[in-house]
Each structure stands twice: as C-alpha cells, then as structure tokens.
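Structural overview
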Amino acid sequence: MNQRINSPSRATQTPAERPRAAGAVTARTSGGDRLRSWLGHHKEMWHESWVRFFASPMSSGMTALVIAIALALPAALQLGLTNFQRAVAGWDGQPQISVFLDKRAKEDAVSAWTDKLRADPLVAEVTYISPEQALEEFQQASGLGDALAGMGSNPLPAVLLVRPSGAESAALEALADRLRESALTDSVVLDMAWVQRLAQLTELGRRMSLGLAFLLALGVLLVVVNSIRLHIESRREEILVVKLVGGTDAFVRRPFLYTGLVYGLVGGLIAWLLVSFGVWLLAGPVSGLSNLYGSSFRLDGPGVTYLLGLAGGAALLGLTGAWLAVARHISAIQPR
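Residues numbered from 1 in each chain as written. Predicted model: local features only at pLDDT ≥ 70, side-chain atom pairs only at ≥ 80, totals over all residues. Heavy atoms only, no water.

Scanning the protein chain from N- to C-terminus turns up ten helices and four strands. Listed by position from the N terminus, the elements making up the protein chain come as α-α-β-α-β-α-α-β-α-β-α-α-α-α. Counting over 336 residues, the protein chain shows a buried share of 32%. Long-range contacts, defined here as pairs at least 24 residues apart, represent 82% of the contacts in the protein chain between residues at least 6 apart. By element, 62% of the accessible surface of the protein chain is carried by carbon and sulfur atoms, the whole surface being about 21900 Å². (Helix = DSSP H or I, 4+ residues; strand = E, 2+ residues; numbered from the N terminus. Buried < 20%, exposed > 50% of the residue type's maximum accessible area, 1.4 Å probe, protein only. Contact = heavy atoms within 4.5 Å. Areas by Shrake-Rupley, 256 points an atom, 1.4 Å probe, with all protein chains shown as cover.)

So, on to the packing of aromatic side chains. Enumeration according to the criterion identifies seven aromatic pairs in this entry. Both rings, one in F53 and one in F54, keep their centres 5.3 Å apart while their planes meet at 85 degrees; by these two values the pair is edge-to-face. For F53, a relative accessible area of 10% gives the class buried. (Phe/Tyr/Trp six-rings, centres within 6.5 Å; stacked < 30°, edge-to-face > 60°.)

Taken as a whole, this structure holds one cavity of 30 Å³ or more when the rule is applied. Space inside the largest cavity adds up to approximately 60 Å³. Together, S49, R52, F53, S60, H231, T259, V262 and Y263 line the largest cavity. Taken together, the elements giving at least two residues each to the lining of the largest cavity come down to α1 (31–55) and α9 (249–292). (1 Å grid on protein atoms, 1.4 Å probe; cavity = no way out; pocket = protein on both sides within 12 Å on 5 of 7 lines; lining within 4 Å. Points joined across faces, edges and corners; volume = space filled by probe spheres on them.)

Here we come to the confidence of the model for the protein chain. Residues of the protein chain with pLDDT of at least 70 account for 84%, and the chain-wide mean is 80. Below pLDDT 50 for its whole length, residues 1–11 participates in four contacts with residues either more than four positions away or in separate chains. Counting interchain partners and residues more than four positions distant, the pLDDT-below-50 stretch residues 21–26 has zero contacts. (pLDDT = per-residue confidence, 0-100.)

Right, let's get into helix α10 (residues 304–329). Along its 26 residues, α10 runs 37 Å from first to last C-alpha, staying within 8% of the 38 Å computed at 1.5 Å per residue. Along α10, the positions that sit buried rather than exposed are L310, A311, A314, A315, L317, G318, G321, A322, A325, V326 and H329. (Expected span 1.5 Å × (residues − 1).)

The side chains of a regular strand alternate, first on one face of the sheet and then on the other. The pairing of strand β1 (residues 96–101) with strand β3 (residues 159–164) spans four bridges and is antiparallel. Of the residues in β3, the one forming a bridge with I97 is V162. (Pairing = 2+ DSSP bridges.)

All right, on to the packing of helix α8 (residues 236–244) against α9 then. Closest axis-to-axis distance for the α8/α9 pair is 9 Å, and the angle between their directions is 150 degrees. When the axis of α8 is compared with that of α9, the two are roughly antiparallel. Judged by the twist between their axes, the crossing of α8 over α9 is right-handed. Along its contact with α8, which presents I239, V242 and K243, the element α9 presents D249, F251, V252 and F256. (Axes fitted to C-alpha atoms, helices over the stretch in contact; angles between N-to-C directions. Parallel < 35°, antiparallel > 145°, perpendicular 65-115°, else oblique. Left-handed = near helix turned anticlockwise from the far one by under 90°.)

A few words now on the sheet that holds strand β2 (residues 123–129). Read across the sheet, four strands follow the order β2-β3-β1-β4 without closing on themselves; strand pairing throughout is antiparallel. Pairing within the sheet leaves two strands with one partner each, and these edge strands are β2 and β4 (185–191). Across the sheet, the mean angle from the axis of one strand to that of its neighbour is 20 degrees, orientation sign disregarded. Strands in contact with helix α3 (residues 107–118) are β1, β2, β3 and β4; relative to β2, the strand with the most contacts, it is inclined by about 160 degrees.

Right, let's get into α9. Compared with an ideal rise of 1.5 Å per residue, which puts 44 residues at 64 Å, α9 spans 64 Å between its outermost C-alpha atoms and is within 8% of the ideal. At A283, α9 is bent by approximately 35 degrees, the largest bend along its length, and proline P285 sits one to four residues beyond. Among the residues trailing α9, G294 stands out with phi positive, at a value near 70 degrees. (Bend = angle between axes of the 7 residues up to and from the residue.)

Let's shift gears to the environment of A72. Structurally, A72 can be placed in helix α2 (residues 57–89). Residue class for A72 comes out buried when judged on its relative accessible area of 11%. Each C-alpha atom of the pair A72 and A271 lies 4.8 Å from the other, and the pair is 199 residues apart in sequence. For A72, the contacting residues outside a window of four places in its chain are A271, L274 and V275.

Attention now moves to the pattern of salt bridges. Using the criterion set out here, one finds eleven salt bridges in the structure. The residue D177 makes a salt bridge to R180 at a minimum N-O spacing of 2.8 Å. Residue D177 and its partner R180 are located together in helix α6 (residues 169–180), separated by three residues, close to a single helical turn. For D177, a relative accessible area of 40% translates into the label partly exposed. For E203, the salt bridge identified is with R206, shortest N-O distance 2.6 Å. One end of the pair is E203 and the other is R206, both in helix α7 (residues 193–234) and three residues apart, which spans about a single turn. (Salt bridge = Lys/Arg side-chain N within 4 Å of Asp/Glu carboxyl O.)

If you want it as structure tokens, here you go:
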C-alpha cells in the first residue's frame, strides 16, 4: 500500500516557504512623490549652480562682469534720457505764442481779452508788453538806442506773450489759429522750432538706446552660450553616464539652465551697481551746474525699479542663452 504524502497547502505555507514571483516587479509612485522629487531636484540644481559659480570665482566673475558692462551701457543711456526729459520739463523755455496787437486796439478791450485768455485752461500764462516796454527792450538788445530816440513815434505795437499749458503740436496750432481770429490781433507768431528740435532729439536718444540695448543683448546671449558650451564640454563624461542610466534630456540640461540664470542675475546686479556708481560720480557736478542756472534739478539714480528690471532682464537673457547652448550640444552627446 502506497503511502501518499500530501504537501502542505498554499494557505498553510509561511511567507518564507512561498515561491517568489519571477521577473521584474513594477513599482508605482504617486503624483505627489513625483512633484516633490521634481521640486527637490530644482532646489538642488539652484544651490549647486551657486556653489559652482563661487568655486571658480575668477572665470565666473569675468563672465558676469562682461554681462554687466554690456547691460550697464544701455541702462545708463536710458537713465540719462529720463533725467534729460525731467530737466527740460521744468525749464522756462516752454512753447510761446507772440500775439502782436493792432495799434488801433483800445487798452480796455486788450485788458478784457487778456483776462479772458488767462482764464482759458489751455493757457498757462499771459504777459502784456506795452509799446514803450517793447521799444526799451529793443533798444537794449540792438544797441541802436540813439538812432531810435530820434524817431518821432514808436513803431512797435503792444504784444501779448501767451504760454500754453501743453506742448503738443496740434493743440498749439489750434490755439494759435484761435488767437488769429480775434479782431484785436494784427499777427501771431508761434515759436515751435525748439519744441520740434527737442522732440526729435528725445526720439533720437530713445531709438539709440533701444538699438544699443538690442545689440548688447545679443552680445550677452553669445557670452552665455559660449560659457555654457564650455561647461557642457567639461562635464561630457558625466552627461554620458547620466544618459546611460536613463536620465532624460530635461534632467541633464537643468543644471546648465540654472548656471546661465545665475550668470545673468549676478551680471544684472553688477550692472545696477555700475550705473549707481556713475550717477554718484556725476551728481555733484550736475548739481553745481544747475545751481549756476538757478535750478534745483538733481540727478535721479537707478532705484528699485531699475534694480528689478536689470536683474530680471539679465536673468532672462542668461536663461535664454543657456537654453540655446544646451539645445544644440546636449542632444549631440549620446552614449554608444
């Protein structure tokens, strides 16, 4: 009689006695874990970029200084243009309309019309110059006092000097046409030449600053691209190993993007310091010159807005340059 030996059932087997499943076991990670890992890698790369920057202070500092000089030039030009516009805004040489009155105009009518013009919101100031005052000023300015003294009558008319409240060409022309329609007016002269020259000069300075900023921004991009390319070449073996074990291109290029961001950020901060130092050097002479002309004009330095603009713009340029560099060179490095 054969004795049948039954093996223990699966239910009574201990975990150590149970057979293990053959093959690989797939592990799933939650979305929160992936997000924490992604944020942690970004934080690590941000910290590592600063460590690498200060690990080679000479080369990193030279790159940041080149970026700073390239950004400081257009920033200083733009700041100078802003100060120039603020200076001429408070200058007494505002647009002026000279209204030559008819010699037959009565003083009461001229006085009433002058009061009406002073109440006009488009007129900032009206100055009345009598024929006697006009003759005296002309004698002093021309040096022909003796010749004019022998004239039997005063040939000069009374004049109203009208200073408009605005400086727009269309509004000035409209005001001059309205003054010509008055029966008390003999002729009207609108002094627009200096206004047009000032407008053209300001526009020229604005376009020059924009053109210079564009060219130097390209220079900053080239500097960052070349610096990041050297970083990539120096870490070629490390990139090959990371790709060999399954690292994605996004994982590989992340430290280089942060390196370009740090270069740009430091360059922007240095550019702000350079512009601030230039304003500090010029503030004293400009203040003394304005005092000689009886003005209280003072140079405005680059404030917090300039700091944020330079730092943010430089960081964006550094990030863009790094992206251009890694997009071209990272994909070419592949394990064989």
